[in-house]
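Single-letter residue listing:
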Amino acid sequence: MKRRREGNELSLAFLDVICCGFGAIIMLLMITKISLPTILEISLEDIAAQIAKRQDEIEKILGETAILERTKIETEENIERELLRLRELQDELIELTSRYDTVRQITKEQEEKQVDLARAKQSLTDEMIRLLGTDPVRKNNLIGGITVDSEYVIFVIDTSGSMKTYAWPLVVQKVDEVLNIYPVVKGVQVMNDMGDYMFTRFRGKWIADTPMMRRAIVERLRTWAVQSNSSPVEGIEEAINTYYDPNKRISIYVFGDDYQGQSIEYVVDRIAIVNPKDADGNCRVRIHAVGFPVYFTQGSADFNIYHFGSLMRLLTVRNCGTFVALPSLN
């Protein structure tokens, strides 16, 4: 009996251990099942919050990028405006510098002329005074047959292929020579026979006469190339319509080698409309012309050559000017 009781106690103790083990396992499972969804729920909330934060940061960056892009565009526009203003200021500086040089040159030459006149008066002999008087005055203002009494000079130059190919060095030389017969003028302008300006920034304005601008005109003329129709009508009309002023003495110099426009009478009548004479027979603008014998030197005698000569002779006579036909291109 005693042995049988000990065996029962051992069996109960083993069952207790097994039950406790199963209970522990059940408790672990319950703890794990309860805490796992909580951990997942917290992780998803964190990720959603981070995503929202990143989206806010991206939107902020995009907003800053848009602001920077607008600032860039405004800055570029400001730079363009400032560059345009800078170019305008440079043109104004050139014009002011030219005016200053002109005034200084005129003042210097006037002083020199006064000194020369004073010396000339002192050196006059009694015979010279008897024959000429104390203040002799020239009867006209002709140099080489061309009246040079103008204060403003406009060049209307044929820029056609024949002129550019065969006569251009001489054209540059003759422009320089014409400028030299006017020691000082108040304004200069250069355009081609179609009214296209050499210096577009001076369109509608006078180029101040300074040594610097004279050199600039000659140098620019060497490489100047624009379309031409070998008819000076448009250039003459542009010059008169734009620059005529009753208080200014203006001369136009037409350079060309042939004429391929309409009839001579048509051109003369058309120019007479924009350049009428006053009651005393004085022209609003003098028109001079220089003919370059391009085709003669090439062994051809196209009718347009004689057409140009006839037109320029009649046009210069009707408009108080002079026509000079060059004998050669040398």
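Computed from a predicted structure; not experimentally measured. (Residues numbered from 1 in each chain as written. Predicted model: local features only at pLDDT ≥ 70, side-chain atom pairs only at ≥ 80, totals over all residues. Heavy atoms only, no water.)

Caption draft 1: Examining the nonpolar core more closely. Counting 33 residues, the largest nonpolar core has F155, I157, V171, L221, F255 and F292 as the members making the most contacts within it. Sorting the residues of this core by element identifies β3 (152-157), α3 (161-180), β4 (187-192), α4 (211-223) and β5 (250-256) as the ones contributing at least two each. The residues touching V171, leaving out its near neighbours within four places in the chain, are I157, M163, L221, F255 and F292. Among the nonpolar cores identified, the runner-up in size contains 28 residues, and Y197, I271, A289 and F308 belong to it. (Core = buried A, V, L, I, M, F, W, Y, C linked by side-chain atoms within 4.5 Å. Buried < 20%, exposed > 50% of the residue type's maximum accessible area, 1.4 Å probe, protein only. Helix = DSSP H or I, 4+ residues; strand = E, 2+ residues; numbered from the N terminus. Contact = heavy atoms within 4.5 Å.)

Caption draft 2: Structural context of empty space enclosed by the protein. This structure, assessed with the given rule, holds one cavity of 30 Å³ or more. Of the volumes computed, that of the largest cavity is approximately 40 Å³. Surrounding the largest cavity, D158, D193, S230, S231, P232, V254, F255, G256, D258 and F308 form its lining. Element by element, the count of residues in the lining of the largest cavity is highest for β5, at three residues. Taken together, the residues that form the lining of the largest cavity break down as four nonpolar, three polar and three charged. (1 Å grid on protein atoms, 1.4 Å probe; cavity = no way out; pocket = protein on both sides within 12 Å on 5 of 7 lines; lining within 4 Å. Points joined across faces, edges and corners; volume = space filled by probe spheres on them. Nonpolar A, V, L, I, M, F, W, Y, C, P; charged D, E, K, R; others polar.)

Caption draft 3: Here's a closer look at the environment of V103. Tracing the backbone shows V103 in helix α1 (residues 2-123). Separated by 83 residues in sequence, V103 and K186 have C-alpha atoms that sit 9.7 Å apart.

Caption draft 4: Local environment of the packing of aromatic side chains. One pass over the structure, following the stated rule, counts eight aromatic pairs. Ring plane angle 85 degrees and centroid distance 6.4 Å describe the contact between F199 and F202, whose orientation is recorded as edge-to-face. Residue F202 is classed as buried on the basis of its relative accessible area of 3%. An aromatic cluster of three or more residues is present, and its members are F155, Y182, Y253, F255 and F292. One Lys or Arg, R284, reaches over the ring of Y244 and ends 3.6 Å from the middle of that ring. (Phe/Tyr/Trp six-rings, centres within 6.5 Å; stacked < 30°, edge-to-face > 60°. Lys NZ or Arg CZ within 6 Å of the ring centre and 35° of its normal.)

Caption draft 5: Inspection of α4 at higher detail. For α4, the complete set of buried residues consists of M213, R214, I217, V218 and L221. The buried residues of α4 occupy one face: seen down the axis, they fall within an arc of 140 degrees. Looking at α4, the residues exposed on the side facing more than 90 degrees away from the buried face are R215 and T223. (Arc of directions from axis to C-beta.)

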